[in-house]
Amino acid sequence: MKGNIRVRFAPSPTGFLHIGGLRTALYNYLFAKHHNGKFILRIEDTDQNRYVEEAERDILDSLAWAGIEIDEGPHKKGAFGPYRQSERKDIYHKYADELIKSGAAYYAFDTTEELDQMRERLVKSGNPSPKYDSITRQSMMNSLTLPSEEVERRLEAGDEYVVRLKVPRRETIRFDDIIRGHVSFESKGLDDQVLLKSDGMPTYHLANVVDDHSMEISHVIRGEEWLSSTPKHVLLYEAFGWEMPQMAHLPLIMSPSGGKLSKRKAESDGISINTKDYMKNHYEPEALINFLAYLGWSPGDDSEIHSMESLCNLFTLDRVSKGGAVFNHKKLLWYNENYLREQSDHAIAARVKKIADDAAIQEADDQFLEEAVHLLKDRVSKIDELITMGSFFFHDPKEYDENALKKWKDDSSELVTLYKNNIVSLSTEDFKAETLKSHLEEIINLQEVGFGKLMMPLRIAVTGLGFGPDLFTSMELLGKATVLRRIDTALEKLD
RNA sequence: GCCGCGUUCGUCUAGGGGUCUAGGACGCCGCCCUUUCACGGCGGUAGCACGGGUUCAAAUCCCGUACGCGGUACCA
């Protein structure tokens, strides 16, 4: 790849950063870094109505959490600012004027009501997709139909107007997409897209072309939902006489039940849609990134686990697939387990202290916590599960797991009592996993029952659960006093 | 409806005319390990949407059909 690679991620601040948006950002970032290029963040805040105050902050936080570093953006000055479209209004106006002068665009004065009427009229006469096109515009109020004095008068009087792109009547528009190859559209299927809105803001179409050009963007990597408006952008580049950046339209992320991963769909499928939720729910950012990278792309070998750095090295656009990819939450969890397990007990313990809102854990002895983490971490998918599963290391069971209780049989009390009597005389130094286990074996042999007959009730008594880390090691960690106390309580409550 | 883009195991994917009785991963199932739950190890399950071409040969190329998705705004 020759020249300076510059790509941009251009979200509109209308809400929290969508997981699909994060993937688009990721692909842009990987592509940029692979080619030693720049990753630019541009805020596309041209829709005043949908603007959300906290959205920009959320985008920044989410990208930072994910490990995607911004080279230029609203908070990282570069030579091509400003990076917020709302701060570039005069630039768009200048270029809109240029288009009008060259005849590629025109003023239109139609009101919303008039447009509605036009559409209604066309639908009634059997046109299922009414357009403001080369035919329709002849019967509308615009600088193509109105006498120039009238246009002049209206503009001077401050009448509301929009600027529309004058789409040629019959023309085949072709372009090459890195992912999809040759793509072509007929101009007759396009309408005279509004370029400048009556509130003075540009639409996406104008703004994105002007900005990509003036920010010297080399590659536009965006979602497939933009594919069908690309011909309009082609027309714009042609009208300006600018070279168009290379285009790459990414496949969409789909919901397990089908369709674009929308808020509604995702929720009913039990999938979180905002990056923020993954942060809040303590996913490992590396896992999300790795998972997202593989959702629509693969390096072509059998590898699965890659750090961001490694992904940067491997990523190329020609290995992006064309079809939509279904979000597979179980695979995400699998990635999460991988990244969780490769961290040291020490590091995880420190993080657990931070995220736990349990005073007993926050104040726990580091050594003790680390040992607990060690016993637990192979059994959970996410770091927060460690806290719920390991709660018994810090608190006596308040209640006993309903499912586990099924294993508390008629003879359980008797067996547990025998075991208790057996270990009660153990000294603190002898209260070790191995010893605790051999004592249990002693009892079951004596009573001629299976291992589980005693082990399960004992587990319930000590932990309140029917599953978990190795019981004997856990008892050793808990210590004699705690274990005996819990056994007594259980005997009382469950007998 | 129209326009566009897609379609390999349930899911993510490898595959670019012969090496494909289609490879890997997640999931699921089984076995081993563990006298628990997991981890781990081993094995298994399952797929080229359909129909026509082209070719000695097609998952791979072409054309249709079906299905899916996207777009069709003074939203991005």
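These numbers come from a predicted model, not from an experiment.

### Structural notes on the nonpolar core
Line of reasoning, step 1. Counting 54 residues, the largest nonpolar core has L22, L26, F39, L63, I68 and F327 as its most contacted members.
Line of reasoning, step 2. When residues in this core are grouped by element, the largest group, nine residues, is from helix α1 (residues 19–34).
Line of reasoning, step 3. Setting aside anything within four residues of it in sequence, one finds L63 in contact with F9, L17, L22, A25, L41, I68 and I70.
Line of reasoning, step 4. L376, Y419, F472 and V483 belong to the second largest nonpolar core, which has 48 residues in total.

### Points about the packing of helix α18 (residues 412–423) against helix α19 (residues 433–447)
Line of reasoning, step 1. Closest axis-to-axis distance for the α18/α19 pair is 10 Å, and the angle between their directions is 130°. In terms of orientation, α18 lies oblique with respect to α19. Regarding α18 and α19, the two cross each other, and that crossing is right-handed. Contact residues: E414, L415, L418, Y419, N422 and I423 in α18; L436, H439, L440, E442, I443 and Q447 in α19.
Line of reasoning, step 2. Grouping the constituent residues of the contact of α18 with α19 by class yields seven nonpolar, three polar and two charged.

### Quick look at the protein's contact with RNA strand B
Line of reasoning, step 1. Close to RNA strand B lie 62 residues, the nearest being S129, K197, R379, K437 and R459.
Line of reasoning, step 2. The contact atoms of RNA strand B, taken as those within 4 Å of the protein, divide so that sugar and phosphate hold 72%.
Line of reasoning, step 3. R119 places a side-chain nitrogen or oxygen 3.4 Å from a phosphate oxygen of RNA strand B.
Line of reasoning, step 4. Going through the elements one at a time, α4 (112–124), β4 (162–165), β6 (181–186), β11 (325–326), α12 (329–341), α19 and α20 (451–463) are the ones with two or more residues in the surface near RNA strand B.
Line of reasoning, step 5. When grouped by side-chain class, the residues that make up the surface near RNA strand B number 21 nonpolar, 16 polar and 25 charged.

### Some remarks on the sheet that holds strand β3 (residues 105–108)
Across a sheet, strands are paired by hydrogen bonds formed along the backbone, either parallel or antiparallel in direction.
Line of reasoning, step 1. Ordered in space as β3-β4-β7, the three strands form an open sheet in which the pairing is antiparallel. Because the sheet does not close on itself, it has two edges, and the strands there are β3 and β7 (194–196). With strand direction ignored, the average angle separating the axes of adjacent strands in the sheet is 45°.
Line of reasoning, step 2. Pairing geometry for β3 and β4, over four bridges, is antiparallel. By the bridge assignment for β4, A105 is matched with L165.
Line of reasoning, step 3. Running at roughly 105° to β3, helix α3 (residues 89–102) makes contact with β3, β4 and β7 of the sheet.

### Describing the packing of aromatic side chains
Line of reasoning, step 1. Scanning the entire structure with this criterion turns up 19 aromatic pairs.
Line of reasoning, step 2. For the pair F175 and F185, a centre-to-centre distance of 6.3 Å together with 5° between the ring planes defines the contact as stacked. Within this pair, whereas F175 is found in strand β5 (residues 172–177), its partner F185 is found in strand β6, the two being separated by 10 residues in sequence.
Line of reasoning, step 3. Relative to Y335, the ring of F291 has its centre 6.4 Å away and its plane inclined at 65°; by these criteria the two rings are edge-to-face. Placement of F291 in helix α10 (residues 285–293) and of Y335 in helix α12 is noted, with a sequence separation of 44 residues between them.
Line of reasoning, step 4. Classification of F291 as buried rests on a relative accessible area of 3%.
Line of reasoning, step 5. In textbook terms, an aromatic cluster arises when at least three aromatic residues are bridged by ring pairs, as seen for Y27, F291, Y294, W297, F315, F327, W334 and Y335.
Line of reasoning, step 6. A cation over an aromatic ring shows up here: R154 above the ring of F109, its NZ or CZ 5.2 Å from the ring centre.
Line of reasoning, step 7. Sitting above the plane of the Y132 ring, R164 keeps its charged end 3.7 Å from the centroid.

### Concerning the confidence of the model for chain A
Line of reasoning, step 1. Taken residue by residue, chain A gives an average pLDDT of 94. The fraction at 70 or more is 99%.
Line of reasoning, step 2. Confidence metrics for the complex model read pTM 0.95 and ipTM 0.96.

### Observations regarding the side chain of R6
Line of reasoning, step 1. Inspection of the secondary structure assignment puts R6 in strand β1 (residues 6–9).
Line of reasoning, step 2. Setting aside chain neighbours within four positions, we find R6 in contact with K38, I40, E72, F80, M215, E216, I217, S218 and H219.

### Focus on the side chain of N208
Line of reasoning, step 1. With respect to the helices, strands and loops of the structure, N208 is situated in helix α6 (residues 204–214).
Line of reasoning, step 2. If sequence neighbours within four positions are ignored, N208 has contacts with R8, R42, E44, Q85, R222, H233 and Y237.

### Focus on the pairing of strand β2 (residues 38–41)
Line of reasoning, step 1. Here four bridges tie β1 to β2, and the two strands are oriented parallel to one another. Within β2, the residue paired with R6 across the bridge is K38.
Line of reasoning, step 2. In the classification by handedness, the crossover that spans β1, the intervening α1 and the parallel β2 is right-handed.

### Some words on the pattern of salt bridges
Line of reasoning, step 1. Enumeration over the complete set of coordinates arrives at 30 salt bridges.
Line of reasoning, step 2. In this structure, R42 and D212 form a salt bridge, with 2.9 Å as the shortest nitrogen-oxygen distance. Taken together, the residues span a long stretch of sequence, with R42 in the loop between β2 and α2 (55–66) and D212 in helix α6 at a distance of 170 residues. D212 shares its class with R42; the two are buried.
Line of reasoning, step 3. The residue E150 makes a salt bridge to R153 at a minimum N-O spacing of 2.9 Å. Placement of the pair is E150 and R153 together in helix α5 (residues 148–157), with a separation of three residues, close to one helical turn.
Line of reasoning, step 4. Beyond isolated ion pairs, a larger network of salt bridges with shared partners links R8, R42, E44, R88, D211 and D212.

Criteria and cut-off values
Note on numbering: residues in each chain are counted from 1, in written sequence order. Note on labels: chains are lettered from A, ligands numbered from 1, in written order. Reporting in this predicted model follows two pLDDT cut-offs: at least 70 for local features of residues, and 80 or more for side-chain atom pairs to be given and counted; totals over whole chains, interfaces and linings ignore these cut-offs and use all residues. In computing side-chain values, all of the structure's heavy atoms are included and hydrogens and water are not. Nonpolar cores were defined as sets of buried Ala, Val, Leu, Ile, Met, Phe, Trp, Tyr and Cys residues, with membership established by side-chain atoms within 4.5 Å. Buried residues are those whose accessible area, probed at 1.4 Å on protein chains only, stays under 20% of the maximum for their type, while exposed residues exceed 50% and partly exposed ones sit between those limits. Under the DSSP-based scheme used, a helix requires at least four consecutive residues in state H or I and a strand at least two consecutive residues in state E, with every element numbered from the N terminus. By the convention used here, residues are in contact when the closest approach between their heavy atoms is within 4.5 Å. Axis angles are defined between N-to-C directions and span 0 to 180 degrees, where every axis is a line fitted to C-alpha atoms and, for a helix, only to the segment in contact. What sets the label is the angle itself: under 35 degrees gives roughly parallel, over 145 gives roughly antiparallel, 65 to 115 gives roughly perpendicular, and the rest give oblique. With the far helix as reference, a near helix turned anticlockwise by less than a right angle produces a left-handed crossing, and one turned clockwise produces a right-handed crossing. All amino acids are sorted into three groups, where Ala, Val, Leu, Ile, Met, Phe, Trp, Tyr, Cys and Pro are nonpolar, Asp, Glu, Lys and Arg are charged, and the leftover types, Gly among them, are polar. The cutoff for a nearby residue is simple: one of its non-hydrogen atoms must lie within 4 Å of the molecule or strand. Contacts described as polar in this section are N or O atom pairs within 3.5 Å, which, within protein, must combine one atom able to donate a hydrogen with one able to accept it, while residues neighboring in sequence count only if both atoms come from side chains. By this definition, two strands are paired if DSSP reports at least two bridges between them. Any two of the Phe, Tyr and Trp rings considered here, Trp counted by its six-membered ring, make a pair once their centres fall within 6.5 Å; the pair's planes then place it as stacked at under 30 degrees, edge-to-face at over 60, or tilted in between. Put simply, a charge is over a ring when the Lys NZ or the Arg CZ is close to the ring centre, within 6 Å, and near the line of the ring normal, within 35 degrees. A residue's pLDDT is simply how confident the predictor is in it, with values from 0 to 100. The definition of a right-handed crossover adopted here requires that, viewed with the strands pointing away, the path from the first strand over the helix to the second runs clockwise. By definition here, a salt bridge exists when the distance from a side-chain nitrogen of Lys or Arg to a carboxyl oxygen of Asp or Glu is within 4 Å.

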